[in-house]
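Examining the three-dimensional arrangement
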Amino acid sequence: MNHPVEDLLEIATRAAAAAAQFLVDGWATRSVVSTKSSGTDVVTQMDRGSEALLVEAILASRPDDAILGEEGGSREGTSGVRWVIDPLDGTVNYLYGFPVWAVSVAAEVDGEPVVGVVHAPALGTVWRGATGHLAEANGTGIHASGCDDLAMALVGTGFGYEAAVRAAQGEVVAGLLPRVRDIRRAGAAAVDMCWVAQGVLDAYFERGTHLWDRAAAMVICREAGAQVGGLTGGPASDAMTVAAAPGVYPSLQKALIEAGVGHE
Ligand code: IPD
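Residues numbered from 1 in each chain as written. Predicted model: local features only at pLDDT ≥ 70, side-chain atom pairs only at ≥ 80, totals over all residues. Heavy atoms only, no water.

A word on the site of the ligand
The test is simple: To be near a molecule or strand, a residue needs just one of its heavy atoms within 4 Å of it. Pairs of N or O atoms are called polar contacts if they sit within 3.5 Å, as long as, within protein, a hydrogen donor faces a hydrogen acceptor (for residues adjacent in sequence, only side-chain-to-side-chain pairs). Note on areas: these come from Shrake-Rupley sampling with a 1.4 Å probe, and a residue is covered only by the protein chains present in the view. Here a helix means four or more residues in a row that DSSP labels H or I, a strand means two or more in a row labelled E, and each is numbered from the N terminus. All residues other than Ala, Val, Leu, Ile, Met, Phe, Trp, Tyr, Cys, Pro, Asp, Glu, Lys and Arg, Gly among them, are scored as polar; the first ten of these are nonpolar and the last four charged. Domain boundaries shown here were taken from an automatic or database domain assignment.
Close to the ligand lie 15 residues; Asp89, Gly90, Thr91, Ala189 and Glu206 are nearest. Contacts to the ligand include tyrosine 161, whose side-chain N or O atom sits 3.0 Å from an oxygen atom. One of the backbone N or O atoms of glycine 187 is found 3.1 Å from an oxygen atom in the ligand. In isolation the ligand offers 380 Å² of accessible surface; the protein chains occlude 96% of this area. Looking at which element gives the most residues to the shell around the ligand, the answer is strand β4 (residues 81–89), with 3 residues. Taken together, the residues of the shell around the ligand break down into 5 nonpolar, 4 polar and 6 charged. Split by domain, the residues of the shell around the ligand number at least three in each of domain 1 (5–141) and domain 2 (150–263).

Structure follows, in structure tokens:
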């Protein structure tokens, strides 16, 4: 079956915009309704409402598609297209009013991610990518940085919610910090990766993300000339995601291994 990338991009753009507006409009009513991996890994009623809205918007145009959603709105499909959605990446930031949060919508065709939209209303930025077609921020083409020296690289990362995982992640950061320009932890993996695509960060790495955190941003990164993968040549995975300007990708991989990644 033919699934024009332009159509998928249009649906992703509209659905993400609607969910972003819902999150902006309902911000004052946000409340924690559940927790996941730890007491600080919260779910608000707005995460759930945003996911319900995304699912409804996507299925209204494409009823036969599959969906993988962070908050359980997943379903099987028959068309060969699967949508991977994070209705609110950066939930803790949203809760506090720290502006780094986003709606993330990706479309895969036969298992290959082809479209990604990351909409961050409090930052006023919409990143979009389509395989072989485009990588843009607010309609302007973007490219990963030309940084080719890890010592000069501004590197983003993120941390899990469980104390033991965080302790190990802290050790890796301690090993890496003397070897890079500096480290940033902004609190939304999808935004961190889009910042790599845009050259706002030179690189990003994180252990413990989920596919919905990274799927859309991976498309945007690749189309913007950033390299994305896991450790030692493997694909990006829940175990490790590295996104970086090509000039620092290999040296970051090496530095992460030397800092203890994979041995935590
Ligand atoms: C989280 C954010 C955070 C990252 C965590 C993610 P959530 O997503 O992206 O930056 O460090 O790994 O789980 O829970 O806000 O959707």
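Considering the sheet that holds strand β9 (residues 140–141)
Here is the rule: Note on pairing: two strands pair once DSSP finds at least 2 bridges between them. We call two residues contacting when some pair of their heavy atoms lies within 4.5 Å. Every axis corresponds to a line fitted to the C-alpha atoms, with the helix fit spanning only the stretch in contact, and the corresponding angles, defined between N-to-C directions, vary from 0 to 180 degrees.
Ordered in space as β3-β4-β5-β6-β7-β8-β9, the 7 strands form an open sheet in which the pairing is mixed. Either end of the sheet is taken by a strand with one partner, and the two such strands are β3 (66–69) and β9. Across 4 bridges, β3 lies against β4 in parallel orientation. Within β4, the residue paired with alanine 66 across the bridge is arginine 82. The strands that helix α6 (residues 211–223) touches are β3, β4, β5 (102–109), β6 (112–120), β7 (125–130) and β8 (134–137); relative to β6, the one it contacts most, it runs at about 100°.

Regarding the packing of helix α1 (residues 5–25) against helix α2 (residues 45–61)
Quick note on the threshold: An angle below 35 degrees is read as roughly parallel, one above 145 as roughly antiparallel, one from 65 to 115 as roughly perpendicular, and any other as oblique. What makes a crossing left-handed is the near helix being turned counterclockwise from the far one by less than a right angle; a clockwise turn instead makes it right-handed.
Closest axis-to-axis distance for the α1/α2 pair is 9 Å, and the angle between their directions is 155°. Judged on the interaxial angle alone, α2 and α1 are roughly antiparallel. Crossing hand, α1 versus α2: right-handed. Residues Ile11, Ala15, Ala16, Ala18, Ala19, Phe22 and Leu23 of α1 touch α2, and the partners they reach there are Met46, Gly49, Ser50, Leu53, Leu54, Ala57, Ile58 and Ser61. Along the lines of polarity and charge, the residues of the contact of α1 with α2 split into 12 nonpolar, 3 polar and no charged.

Some words on helix α7 (residues 249–258)
Here is the rule we go by: When accessible area is computed with a 1.4 Å probe and restricted to protein chains, residues below 20% of their type maximum are described as buried, those above 50% as exposed, and intermediate ones as partly exposed. Here the arc refers to the set of directions running from the helix axis out to each C-beta atom.
Buried residues of α7: Tyr249, Leu252, Gln253, Ala255 and Leu256, and no others. Buried positions in α7, seen along its axis, are confined to an arc of 170° and lie on one side of it. With respect to the buried face of α7, the exposed residues turned more than 90 degrees away are Pro250 and Lys254. Structurally, α7 contributes buried residues whose contacts are with α4 (163–176), β12 (203–206), β13 (227–229) and β14 (241–244). Phi turns positive one or two residues past the end of α7, at glycine 260, with a value near 105°.

A closer look at the domain arrangement of the protein chain
Rule in force here: When two parts are put together, the accessible area they lose, computed with a 1.4 Å probe and summed over both, is reported as buried area. Salt bridges are identified by distance alone: a Lys or Arg side-chain nitrogen within 4 Å of an Asp or Glu carboxyl oxygen.
Each domain of the protein chain was delimited in the assignment, giving domain 1 (5–141) and domain 2 (150–263). Its C-alpha centre places domain 1 at a distance of 21 Å from the equivalent point of domain 2. Contacts between the two partners involve 41 residues from domain 1, matched on the other side by 22 residues from domain 2. Both faces combined, the contact of domain 1 with domain 2 buries some 2,200 Å², and carbon together with sulfur accounts for 69% of it. Applying the counting criterion to the domain 1 and domain 2 interface returns 0 salt bridges. At the boundary of domain 1 with domain 2, the tally comes to 6 residue pairs in polar contact (both at pLDDT 80 or more). Secondary-structure elements contributing two or more residues to the side of domain 1 that touches domain 2 are β3, β4, α3 (91–96), β5, β6, β7 and β8. Here the side of domain 1 that touches domain 2 takes 7 residues from β6, the largest share from any one element. Partitioned by chemical class, the residues of the side of domain 1 that touches domain 2 number 22 nonpolar, 12 polar and 7 charged.

Comments concerning unusual backbone geometry
One non-glycine residue with positive phi stands out, namely aspartate 110, at about 50°. Positive phi outside glycine occurs at asparagine 138, with the angle close to 50°. You can see asparagine 138 is positioned in the loop between β8 and β9. By relative accessible area, which is 48% here, asparagine 138 ends up partly exposed.

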